[in-house]
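In case you want the letters, here they are:
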Amino acid sequence: MTPGWITTTLLDNDAPGGWAVARSREGFLHDTNGPLFPREWLKRQDLPVFAEHGIGHLDGEPVYLLELDSPADVPGCSWQGLRGFMLQGDHTLYKVLGYAAQIGTWAREHRFCGSCGQAMVQVPRERAMYCQACDLRSYPRISPSMIVLVTRGDDILLARSPRFVTGVYSTLAGFAEPGESAEDCLIREVREEVQLEVKNIQYMGSQCWPFPHSMMLGFHAEYAGGDIVPQADEIEDAQWFNIHELPPLPASRSIARYLIDLYVARRLGHAEPVLPG
Ligand SMILES: NC(=O)C1=CN([C@@H]2O[C@H](COP(=O)(O)OP(=O)(O)OC[C@H]3O[C@@H](n4cnc5c(N)ncnc54)[C@H](O)[C@@H]3O)[C@@H](O)[C@H]2O)C=CC1
Ligand SMILES: [Mg+2]
Ligand SMILES: [Zn+2]
């Protein structure tokens, strides 16, 4: 048995046994034991199964995803969105669900060829969809996003999007565009969102962010010039905050929070946090 969670290319859907998770537009099905159910039991529950995907092994046991057409009622069970599992509970289970969500979404969105519109087929032994008519292969999409903590001594730059929970401020972030390096993207995002210039850009680590398919690349940068001008519509407010007087911050498992906590820990000589992958 290999402990922990290991994703897999494909599993045999006709093989019996293993664990299964069920996903609908309401999130993942769970009961008091969590979101993993014995697969044979789950498949007997008269669920509107749209597709089944083998996704990996948890402590050596195969895990499948049942994608549902609608959120069915299962006695003793309820539905919870992926964010809820990210915010609390077992981190390994959240990784299982995050992968399941990305594969489920990708497979659902790639049933037809984006080039010619024909039905696509699953490639054997590879996580890819294939169009026989035009020889196009589609792989799961990942969208690289830069996230950066900009600092000026004991002050750190944090901003609010109108989408955030009331009062919460976070680091700046944005999606890479075609033609950009990670650094180009970061410099553009900081200019667009607050009209500041940065220097001494340093890569700090990355995090899978399955909402719906981001890959967060985390950086630290120092302030180099300019006055804060928040971008209309995108940024509700942006300010320099002293590390001793921080506002409500993002969820503890997010890379945004890690970048902030790491900087504060280093400034104050405290133990450094660990980035959850
Ligand atoms: N894990 C973490 O700590 C954090 C993660 N994030 C994530 O980073 C990502 C980017 O952050 P935002 O500030 O929202 O991005 P952003 O500053 O680029 O603005 C979002 C806009 O980008 C466009 N967009 C949406 N999907 C796109 C894609 N795949 N490629 C290119 N453009 C796209 C849309 O117009 C959208 O309104 C989001 O997925 C967000 O959830 C953001 C902050 C913290
Ligand atoms: Mg942004
Ligand atoms: Zn095609």
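For every chain, the first residue of its written sequence is number 1, and the numbers climb from 1 along that sequence. Written order determines the labels here, with chains lettered from A and ligands numbered from 1. For a predicted model such as this one, the threshold for reporting local features is a pLDDT of at least 70, and the threshold for listing and counting side-chain atom pairs is 80 or more; totals across whole chains, interfaces and linings nevertheless cover every residue. Only hydrogens and water are set aside when side-chain values are computed; all heavy atoms of the structure are taken into account.

Participant: Give a detailed account of the overall build of the protein chain, specifying residues and quantitative values.
Facilitator: The helix and strand inventory of the protein chain stands at five helices and 16 strands. Considered along the principal axes of its C-alpha atoms, the protein chain spans approximately 60 × 45 × 35 Å. Classification of residues uses two cut-offs on accessible area relative to the type maximum, computed with a 1.4 Å probe and protein chains only: under 20% is buried, over 50% is exposed, and between them is partly exposed. Burial analysis of the protein chain (277 residues in total) assigns 45% to the buried set. The contact rule is simple, with two residues in contact once any of their heavy atoms fall within 4.5 Å. When contacts within the protein chain are restricted to residue pairs at least 6 apart in sequence, those whose partners lie at least 24 apart make up 63%. Here, Shrake-Rupley sampling with a 1.4 Å probe gives the accessible areas, and only protein chains in the shown set may cover a residue. Approximately 14,100 Å² of the protein chain is accessible, and the part contributed by carbon and sulfur atoms is 50%. All tallies of charge rest on Lys and Arg as positive and Asp and Glu as negative; His and the ends of each chain are not included. A charged residue contributes its charge at one atom only: NZ of Lys, CZ of Arg, CG of Asp or CD of Glu. Here the protein chain carries 23 positive and 35 negative side-chain charges, and the mean point of each set is 3 Å from the other. Helix and strand definitions here come from DSSP, where helices need a minimum of 4 consecutive H or I residues and strands a minimum of 2 consecutive E residues; each element is numbered from the N-terminal end.

Participant: So what's going on with the domain arrangement of the protein chain? Residues and values would help.
Facilitator: An automatic or database domain assignment supplies the residue ranges for each domain. Structurally, the protein chain comprises domain 1 (5–109), domain 2 (110–140) and domain 3 (143–268). Domain 1 and domain 3 are separated by 32 Å when their C-alpha centres are compared. Taken together, the contact pairs 13 residues of domain 1 with eight residues of domain 3. Taken over both partners, the interface formed by domain 1 and domain 3 buries close to 940 Å², and the fraction arising from carbon and sulfur atoms is 60%. What counts as buried area is the accessible surface, traced by a 1.4 Å probe, that two parts surrender upon association, with contributions from both included.

Participant: Summarise the UniProt feature "binding site: a divalent metal cation 1" (unreviewed entry) in the protein chain; cite the residues concerned and give the values.
Facilitator: UniProt feature "binding site: a divalent metal cation 1" (unreviewed entry): in the numbering of this structure it lies at Ala173, Glu193 and Glu234. In sequence the annotated residues extend across 62 residues, while in space they remain close, none of their C-alpha pairs exceeding 11.1 Å. As for the annotated residues, the ones lining the largest pocket are Ala173, Glu193 and Glu234. If you trace the backbone, glutamate 193 turns up in helix α4 (residues 182–194). Once residues lying within four places of it in the same chain are set aside, the contact partners of glutamate 193 are Leu172, Ala173, Val229, Pro230, Gln231 and Ile235. UniProt positions are given in the numbering used here, feature names are shortened, and annotations may be inferred rather than shown by experiment. A cavity here means a set of 1 Å grid points, computed over protein atoms only, where a 1.4 Å probe fits but cannot escape. A pocket is an open set with protein on both sides within 12 Å along at least 5 of 7 lines, and lining residues have an atom within 4 Å of a point.

Participant: Describe the pattern of salt bridges, listing the residues and the values that go with them.
Facilitator: Basic side-chain nitrogens of Lys or Arg form a salt bridge, by our definition, when they fall within 4 Å of a carboxyl oxygen of Asp or Glu. Under the counting rule described, the total for this entry stands at 16 salt bridges. One salt bridge in this structure joins arginine 266 and glutamate 272, with 2.9 Å as the shortest N-O distance. Each member of the salt-bridge network shares a partner with another, and the members are Glu177, Glu180, Arg188, Glu189 and Glu192.

Participant: Lay out the coordination of the magnesium ion (ligand 2) with the relevant residues and their values.
Facilitator: The rule for donors is simple: an N, O or S atom within 2.8 Å of the metal counts, and for Na, K and Ca the reach is 3.2 Å. Water is not among the atoms, so a site may look short of donors. Looking at the metal site, the magnesium ion (ligand 2) is ligated by Ala173 (O) and Glu193 (OE), spaced 2.2 Å from it. Residue alanine 173 is found in strand β13 (residues 172–175), and its partner glutamate 193 is found in helix α4; the two are separated by 20 residues along the sequence. Alanine 173 sits in the partly exposed class, given a relative accessible area of 31%.

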